[in-house]
Amino acid sequence: MKEHKFDLSGKVAAVTGGGGVLGSYFCKALAEAGANVVVMDLQEEAANKIAEEIVADGGKAIGVAANVLDVDSLKTAKAKIDDVYGGVDILLNGAGGNNPKGTSDDEFYDKEAKKANPELKTFFDLDPKGIGFVMDLNFLGTLLPSQVFGKDMAERKDATIINVSSMNAFTPLTKIPAYSGGKAAVSNFTEWLATYMSKAGVRVNAIAPGFLVTKQNEKLLLNEDGSYTARSQKIINATPMERFGDPEELIGAVLFLADAQYSSFVSGVVLPIDGGFHAYSGV
Ligand code: NAD
């Protein structure tokens, strides 16, 4: 039997948001599979740090500053990448996220609660600019790099785009209408672009991570003794596997979608990695 091993040697993988929590996992995994990795981030220092860690570990990587909301910045980054590596085979659109500006304090509208506490930030108090910021970061921040890099990717063999959606794209979470809408747009755009690029030989897919525990959010999700907070317990109750995920558990899906040896006929898929959260009605 043929040996089954992810092999991205000779491929160039560019990861936006590569300096972030999940982005750095993606970059390191792609490098371990043999890819030349471009760690792209708004924060150049963060991008360089991850690239240096990869190189120190024996991998190939460079850090490049890029703002996914600025076409000129993306074009400058692309020119640098083309100079060093000659193009991009794998674009992983990892930059994204939520922001308090697009988040309400309440889960359900309670007229009396608002009257008692005028400071309570309800859906009706959300600033359109805050909502626009979150929508843009997730949707435009995925679309613009696909536009800037995608055309040249069509000239390369087995090129592929991987977007990062979220489980809240299937069913919105309370409090975060902008982030839920932004990720729903990412999922929809994944299907749209997969169709558009199908005849040009570029596959387009997305992963939809569920709730993960990372060093950055563990204090919010876990009490000091390691037990679940009230909100965490709600999440666990809605997750058939009854636990949070670990960022490591996203890696298999990323490498599978990146490596055409295994996913050459897979396009337009939004793959949930959420312990069954999306599939469970709660009953
Ligand atoms: P993070 O905040 O740690 O990383 C995001 C990175 O994107 C940061 O390094 C930031 O500097 C960069 N960034 C922000 N704005 C940018 C811009 N305009 N241009 C370029 N880079 C920019 O977040 P994370 O938790 O690693 O999330 C990564 C992705 O995964 C996001 O799309 C997020 O929505 C998604 N996601 C995360 C989770 C989770 O549990 N962490 C779950 C589902 C989906």
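Residues numbered from 1 in each chain as written. Predicted model: local features only at pLDDT ≥ 70, side-chain atom pairs only at ≥ 80, totals over all residues. Heavy atoms only, no water.

- For the chain, an unreviewed UniProt entry supplies the name Dioxygenase and the organism Halolactibacillus alkaliphilus.
- Per its UniProt entry, the chain bears the Sequence similarities (unreviewed entry) comment "Belongs to the short-chain dehydrogenases/reductases (SDR) family." (UniProt positions renumbered as here; feature names shortened; annotations may be inferred.)

1. Brief notes about the site of the ligand
Thought 1: In the vicinity of the ligand, 24 residues are found, and the nearest of them are V21, L22, D41, N67 and Y179.
Thought 2: At 2.9 Å from an oxygen atom of the ligand is found a main-chain nitrogen or oxygen belonging to V21.
Thought 3: Y179 is positioned such that a nitrogen or oxygen atom in its side chain is 2.5 Å from an oxygen atom of the ligand.
Thought 4: Relative to its unbound accessible area of 820 Å², the ligand is 81% covered by the protein chains. (Near = heavy atom within 4 Å. Polar contact = N/O pair within 3.5 Å; in protein donor to acceptor, adjacent residues only side chain to side chain. Areas by Shrake-Rupley, 256 points an atom, 1.4 Å probe, with all protein chains shown as cover.)

2. Some words on the nonpolar core
Thought 1: Within the largest apolar cluster, 31 residues are counted, with the highest numbers of intra-cluster contacts made by F26, L30 and V37.
Thought 2: Those elements that place two or more of their residues in this core are β1 (12–16), α1 (21–32), β2 (36–41), α2 (44–56), β4 (90–93), β5 (160–164) and α9 (251–258).
Thought 3: For this core, the element with the most residues is α9, which contributes six residues.
Thought 4: Apart from the residues within four sequence positions on either side, F26 is in contact with V15, L92, V164, I207, L250, I251 and V254.
Thought 5: Within the second largest apolar cluster, 23 residues are counted, among which are A66, L74, A77 and I161. (Core = buried A, V, L, I, M, F, W, Y, C linked by side-chain atoms within 4.5 Å. Buried < 20%, exposed > 50% of the residue type's maximum accessible area, 1.4 Å probe, protein only. Helix = DSSP H or I, 4+ residues; strand = E, 2+ residues; numbered from the N terminus. Contact = heavy atoms within 4.5 Å.)

3. Quick word on the sheet that holds strand β7 (residues 270–273)
Thought 1: Spatially, β3-β2-β1-β4-β5-β6-β7 is the arrangement adopted by the seven strands of the open sheet, whose pairing is parallel. The open sheet has two edge strands with one neighbour each: β3 (60–65) and β7. Across the sheet, the mean angle from the axis of one strand to that of its neighbour is 20 degrees, orientation sign disregarded.
Thought 2: Pairing of strand β6 (residues 203–209) with β7 involves four bridges; the strand directions are parallel. What sits directly across from I207, in β7, is L271.
Thought 3: Each of β1, β2 and β3 touches helix α3 (residues 71–85); the most contacted strand, β3, lies at about 155 degrees to it.
Thought 4: Its contacts with the sheet put helix α5 (residues 128–153) on β1, β2, β4 and β5, and the angle it makes with β4 is roughly 175 degrees. (Pairing = 2+ DSSP bridges. Axes fitted to C-alpha atoms, helices over the stretch in contact; angles between N-to-C directions.)

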